[in-house]
Amino acid sequence: MLTFKSIELEDKDIINSYLCKQNYRASDLCFTNLYSWGKKFDTQYATTSDWLFIRFKDNNGRNAYLKPVGTSDLEDAIGQIFEDNKQFDTDFRMRGLTQEMITEIEEAMPDTFSFKLNRSVSDYIYTTEKLIHLKGKKLQSKRNHINRFKRENEWKYHTLTGNPMLVRECKEMLDKWMEVNKEDKDPSLVYDDFATTLMLKNFEYLGLKGGLICVDNEIAAFSIGEPLTKDTFIVHVEKAFTTIHGAYNIINQQLVENEASDFTYVNREEDMGIENLRNAKLSYQPDILLEKFNARLKS
């Protein structure tokens with residue numbers, strides 16, 4: 001029988017010891033996300049010698065699981081979370097499944113589950129080369145925004161990596177950003193603020209990387225990310241003042257150029273079904289839309 005517990009900061013090494021062995025490139029399989037958003041989703045974990053299990057609540061409060069992460073008998077691992085789910089008054093569900101995960105599940109348990117696309121949690125993945133150089137006609141507007149930003153501002157990029165004082169200043173900028181956006185109707189904004197604050201507070205311990213843009217010695221934008229897999233960097237946070245034209249464009253480009261250029265891909269996470277966010281992420285022409293599916297037992 002599995003014993004689940006809430007994810008705490010000190011669980012980083014044990015959870016990462018499993019996550020480092022996978023290459024799904026999915027934003028869910030990242031300790032920083034599991035920990036920082038754990039309060040919103042009541043995220044818990046359990047381990048055996050071979051498997052990491054993640055249990056959480058979906059947006060409707062229903063119990064759900066990620067695909068177990070490990071290397072031995074997948075049918076047995078799924079059987080363990082199926083038994084665990086019996087204590088809850090909800091149907092058995094796995095969520096956040098990529099097509100690669102579905103293939104593995106189908107090989108282990110043919111014709112057992114039905115799968116439904118969950119577009120709002122699908123990840124946007126780009127090549128680092130694309131985000132740095134923004135070549136081509138389709139990205140002309142992004143280059144124009146950056147060129148205008150550079151013309152209109154005295155600016156400088158600073159890395160957050162190894163600069164705890166600048167990390168603390170980003171928290172002050174975050175508070176100002178929240179004040180400016182307090183009328184936003186997006187209910188996830190409060191949780192986003194909570195998660196971002198946890199990342200800034202534990203920046204070094206979590207092994208995060210990041211950068212900020214200063215305009216006239218004031219922080220205009222900052223961004224936070226980290227290595228996700230051997231070839232993929234993940235961007236968790238991007239905050240900028242929209243009163244400064246091109247601030248979001250410049251921090252997007254500069255973070256990748258300065259902190260992630262050694263990686264092949266950048267995962268900029270999902271759009272949560274928010275139309276403006278979806279349009280913004282699509283406008284950068286993703287190289288991979290990493291579709292994610294929900295799984296339920298066939299009736």
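Structure: see above.
Calculation criteria
- Residues numbered from 1 in each chain as written.
- Predicted model: local features only at pLDDT ≥ 70, side-chain atom pairs only at ≥ 80, totals over all residues.
- Heavy atoms only, no water.
- Buried < 20%, exposed > 50% of the residue type's maximum accessible area, 1.4 Å probe, protein only.
- Helix = DSSP H or I, 4+ residues; strand = E, 2+ residues; numbered from the N terminus.
- Pairing = 2+ DSSP bridges.
- Core = buried A, V, L, I, M, F, W, Y, C linked by side-chain atoms within 4.5 Å.
- 1 Å grid on protein atoms, 1.4 Å probe; cavity = no way out; pocket = protein on both sides within 12 Å on 5 of 7 lines; lining within 4 Å.
- Points joined across faces, edges and corners; volume = space filled by probe spheres on them.
- Axes fitted to C-alpha atoms, helices over the stretch in contact; angles between N-to-C directions.
- Contact = heavy atoms within 4.5 Å.
- Parallel < 35°, antiparallel > 145°, perpendicular 65-115°, else oblique.
- Nonpolar A, V, L, I, M, F, W, Y, C, P; charged D, E, K, R; others polar.
- Expected span 1.5 Å × (residues − 1).
- Arc of directions from axis to C-beta.

**Comments concerning the pairing of strand β8 (residues 123–127)**
And then number 1: Among the five residues of β8, four are classified as buried, and the element is accordingly described as predominantly covered.
And then number 2: By the bridge criterion, three bridges tie β8 to strand β14 (residues 288–290) in an arrangement that is antiparallel. Paired with I125 across the strands is I288, a residue of β14.
And then number 3: Pairing of β8 with strand β13 (residues 265–267) involves three bridges; the strand directions are antiparallel. Directly across from T127, in β13, lies its bridge partner Y265.

**A closer look at the nonpolar core**
And then number 1: Core analysis: the biggest nonpolar cluster contains 65 residues, and M94 and F222 have the highest contact counts within it.
And then number 2: If you tally residues by element for this core, the top one is helix α8 (residues 164–180), at seven residues.

**Observations regarding empty space enclosed by the protein**
And then number 1: Scanning the entire structure with this criterion turns up one cavity of 30 Å³ or more.
And then number 2: Its boundaries defined by the atoms lining it, the largest cavity holds a volume of some 50 Å³.
And then number 3: Around the largest cavity, the lining residues are A26, D28, L29, L66, K67, V69, R95, G96 and M101.

**Quick look at the sheet that holds strand β9 (residues 155–159)**
And then number 1: Spatial strand order, β9-β10-β11-β12-β13-β8-β14: seven strands in an open sheet with mixed pairing. The open sheet terminates on both sides in strands that have one partner only, identified here as β9 and β14. Along the sheet, successive strands turn relative to each other by an average axial angle of 25 degrees, direction set aside.
And then number 2: Taken strand by strand, α8 contacts β9, β10 (209–215), β11 (218–227) and β12 (232–240), and its axis lies near 115 degrees from that of β11.

**Topic: the packing of helix α4 (residues 74–85) against helix α5 (residues 99–108)**
And then number 1: Contact pair α4 / α5: the axes reach a minimum separation of 9 Å and the direction vectors enclose 95 degrees. Here α5 runs roughly perpendicular to α4, going by the angle between their axes. Where α4 abuts α5, its residues L74, E75 and I78 lie against E104, I105 and A108.
And then number 2: By residue class, the composition of the contact of α4 with α5 is four nonpolar, no polar and two charged.

**Considering α8**
And then number 1: The first and last C-alpha atoms of α8 sit 25 Å apart over 17 residues, in line with the 24 Å expected at 1.5 Å per residue.
And then number 2: Taken residue by residue, α8 has L166, V167, C170, M173, L174, W177 and M178 as its buried positions. For α8, the arc enclosing every buried residue in end-on projection is 140 degrees, short of the 170-degree limit, so these residues lie on one face. The exposed residues of α8 that point more than 90 degrees off its buried face are M165, R168 and E172.
And then number 3: Those residues of α8 hidden inside the fold are in contact with β9, α9 (189–201), β10, β11, β12 and α10 (247–259).

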